[in-house]
Structures are given as C-alpha cells and as structure tokens.
Amino acid sequence: MGILQSVIRSITDKEDVGRPQSPLFPQANHSISSSRSGRYYLYTGENFDQYTPRTNNSVASSHQWQNGTRPLSGGKEEQKERVKERMMFNSIVVSAPPPQERWIKHYSSGHRILLVGEGDFSFSNCLAATFGSASNMIATSLDSRGFLARNYQKALSNIMELTMRKCKVVHEVDATAMANHDCLGGMKFDRIIFNFPYAGFFKTLSRDDQLRLHRTLLSLFLKNAKEMLRGNGQIHITHKTNGFHKEWYVESIASSHKLRLIEAVQFCKDDYPGYNTKYGFGGDNNFDCNPAKTYKFELALFSY
C-alpha cells in the first residue's frame, strides 16, 4: 500500500469514532479508534519520540486535540512512520500556491495603492475588479459620503463593491494635507494616484489667478504624497495636455519638490473599463479627458 493510500485509509477507516472536525478540511480529519486491540500511543509534540502509551479503550480528550495531539495505534516505531506519512499528506493537502499577481496598465495587486480625489469611485472600482481582492488599496475622496450619495448616481454602489473587496474607503480627505490625516498619517505606499486634479471652478477669477490655485493644489499634493511614498514608490498624476491645462507645468512643480519624472505616457480611458471621468464638485456628467497623459514621478536620488 502506498504512502497516500495508507494515510487516507488511516483517516477514513469506518471503525473510527470521536473525530474532531477541522475547520479547513472537515473530510480529512484524524480519527480515534476504540475497537482495535493493542496499545495506543499518543503523539504529543514535534519530536517523534514524544509518545504517551494509551490502552485500547483510551480516547483523546478535547483538550488534547486542541493542543495538536494525535492518537495512534500500534508499536512505537510503526507510529513514527505513520506520523511522518500523515505530516506528508497534510502538507500536500494544505499547501497552496501564492495568489497570482494581477495587473491593469501601471497597477498591480502587489502594490500598496492610495487613490486621491476620487469622484464616483469608478476608477478605484475598476482596479479592484481587476485585482479581485482590493485589500491592497485605500480609496479617498474630498467629499463626504452624504454629498456623494446626493450628487453621483453610482457612487454608493461603487463604494459598496469596493468594501466587499476589502478596499478601505475614506471620505473628506484633503489631498493638500493628507500626510497628517488621522487614518493615513504614517502610512507608506507603492503607488499614489491623483487623476485629473482640479482646484474648482472660478469663473469670476482671472486666468492667472485660476492657474495659481490649480498649481497650488498640485504643489501641496506632491509635498504630502512625497512623505507617504515608499523608497521605490511612484506618484502618478493623470492630467489633460491641451489649452489651459498645458500651463499648469506639472513637471516643473514636481521637480521643485525633488521628484524625478520617470515617464509621461498617453492616457486612454478605455484601458480602465467602467471608469467615468466626472466633473467633480457634484457634477455627475463626464468630461472629455482627451488628450491626457499619466505622469509618473519618483523620489530623486540627488538634489538639483
């Protein structure tokens, strides 16, 4: 009889009674026999010489089972071999390959990810759906949950899906002061993402004043994100590259914070199924995000 067959037989023998249940594999538990003749030896530790003799009427107590003891029949040498066989069998059953890493564009399920300035949380939800489990993610919004419920049709359903996938969702997070936030302070991330940052709509202000506000938002965000970045982490800003937006000078602002541009790649919304580019500040319509680029920054290795 082969090793696995003998082990399976010792586990599933119909004469066995008093079987304690395993929470992981209820059909593959060790058993206690009360009908066979001979002496029993109770294995009580990792050392194969740690056996305690038992009579054929002995039954291990629940305390002994909870402490990992195993009732075994037969001679001492035979029991050593059977223990080895059982350990081999358990290692085959219990061991499992590590979860497969999943990617969507620049983002991996292996990254610790912070998302900043989410609108209806559709971008976060897209990443989470790809990863399967989003326990590696924290998704934040400037708005309160109540504001989102009133102004974005799909916000709450997206948040519910994120929560089901174990993503941490935090509201009322100011990107310009997030390094000191109660829930985020002291945390470090592999990827910090801010899609289409926008300080607001200021129609009564001059063009220069509006640009100043937008640049200030970018600068303070980068200052905070830099403090929350792991040594080899990256800050990603996706930003429109035409007209008014070209004058934000994203690369220059990042450089002033000792951040180095890794690359700027064309952004395509279709790469993120289900992502909706909301106007923000309560606007549930989608804006045209083309043309746009994703700027990737990392900590500079030297001062300029």
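What you see is a predicted model, and the numbers here were worked out from it, not measured in a lab.

Right, let's get into the overall build of the chain. On a plain count of helices and strands, the chain comes out with eight helices and 16 strands. Residues classed as buried in the chain amount to 41% of the 304 residues present. Within the chain, counting contacts between residues at least 6 apart in sequence, those at least 24 apart form 69% of the total.

Attention shifts here to the side chain of Q210. For Q210, the location among the structural elements is in helix 7 (residues 207-227). You can call Q210 buried: its relative accessible area is 16%. Leave out the neighbours within four places in its chain, and Q210 touches F202, K203, L205 and F244.

Turning to the environment of M164, a few remarks are in order. Looking at the secondary structure, you find M164 in helix 6 (residues 155-164). C-alpha of M164 to C-alpha of A134: the two residues are 30 residues apart in sequence and 8.8 Å apart in space.

Moving on, we come to the sheet that holds strand 9 (residues 137-140). Read across the sheet, seven strands follow the order 10-9-8-11-12-16-13 without closing on themselves; strand pairing throughout is mixed. Both outer strands of the open sheet, strand 10 (168-170) and strand 13 (259-266), are each paired with one neighbouring strand and no more. Pairwise comparison of adjacent strand axes, ignoring direction, gives a mean angle of 20 degrees for this sheet. Bridge count between strand 9 and strand 10: three bridges; the pairing is parallel. Pairing of A139 across the sheet is with V169, part of strand 10. Across the sheet, helix 4 (residues 122-131) lies against strand 8 (113-116), strand 9 and strand 11 (189-195), angled at about 165 degrees from strand 9, the strand it touches most.

Another aspect to go through is the side chain of D190. Here D190 lies in strand 11. Side-chain polar atoms of D190 contact the backbone nitrogen of R112, separated by 2.7 Å. Excluding residues that lie within four positions of it along the chain, D190 makes contacts with G110, H111, R112, L229, R230, N232, G233 and Q234.

With that settled, the discussion passes to helix 6. Along an α-helix, residues three or four positions apart point the same way, because every turn accommodates 3.6 residues. For helix 6, the full list of buried residues reads A155, N158, I159 and L162. Within helix 6, the buried residues cover an arc of 100 degrees as seen down the axis, which keeps them to one side. Seen from the open side of helix 6, the exposed residues pointing more than 90 degrees away from its buried face are M160 and M164. In the core, the buried residues of helix 6 are packed alongside helix 4, strand 9, helix 5 (145-151) and strand 10. Just downstream of helix 6 lies K166, where phi reads positive at about 70 degrees.

Mean pLDDT for the chain: 80, with 68% of residues reaching 70 or above. Scored below 50 in pLDDT, residues 3-70 makes 126 contacts in the model with residues more than four places away or belonging to other chains.

Moving on to the packing of helix 4 against helix 6. Helix 6 packs onto helix 4 with a crossing angle of 35 degrees between their chain directions and a minimal axis gap of 9 Å. The element helix 4 and its partner helix 6 pack so that their crossing is left-handed. For the pair helix 4 and helix 6, the contacting residues are S122, S124, N125 and A128 in the first and N158, E161 and L162 in the second. When its residues are assigned to classes, the contact of helix 4 with helix 6 shows two nonpolar, four polar and one charged.

Applying the stated criterion across every chain, the model contains 14 aromatic pairs. The interplanar angle of 75 degrees and the centroid separation of 5.9 Å between the aromatic rings of F201 and F281 together place this pair among those described as edge-to-face. Of the two residues, F201 sits in the loop between strand 11 and helix 7 while F281 sits in the loop between strand 14 (278-280) and strand 15 (283-286), which places them 80 residues apart along the sequence. What makes F281 partly exposed here is its relative accessible area of 43%. Members of the aromatic cluster, connected to one another through ring pairs, are Y107, F123, F196, F267, Y272, Y275, Y279 and F287.

On to the nonpolar core, then. Counting 30 residues, the largest nonpolar core has L114, M178, I192 and F221 as its most contacted members. Of all elements in the fold, only strand 8, strand 11, helix 7, strand 12 (229-240), helix 8 (250-256) and strand 16 (292-299) reach the threshold of two or more residues within this core. In terms of residues, this core owes the most to one element, helix 7, which gives six residues. Not counting the four nearest positions on each side in its chain, L114 is found in contact with I138, T140, M178, L184, F189, R191, I192, I193 and M228. Ranked by size, the runner-up nonpolar core spans 27 residues in total, among them L115, A134, M137 and C167.

Rules used throughout
Residues numbered from 1 in each chain as written. Predicted model: local features only at pLDDT ≥ 70, side-chain atom pairs only at ≥ 80, totals over all residues. Heavy atoms only, no water. Helix = DSSP H or I, 4+ residues; strand = E, 2+ residues; numbered from the N terminus. Buried < 20%, exposed > 50% of the residue type's maximum accessible area, 1.4 Å probe, protein only. Contact = heavy atoms within 4.5 Å. Pairing = 2+ DSSP bridges. Axes fitted to C-alpha atoms, helices over the stretch in contact; angles between N-to-C directions. Polar contact = N/O pair within 3.5 Å; in protein donor to acceptor, adjacent residues only side chain to side chain. Arc of directions from axis to C-beta. pLDDT = per-residue confidence, 0-100. Left-handed = near helix turned anticlockwise from the far one by under 90°. Nonpolar A, V, L, I, M, F, W, Y, C, P; charged D, E, K, R; others polar. Phe/Tyr/Trp six-rings, centres within 6.5 Å; stacked < 30°, edge-to-face > 60°. Core = buried A, V, L, I, M, F, W, Y, C linked by side-chain atoms within 4.5 Å.

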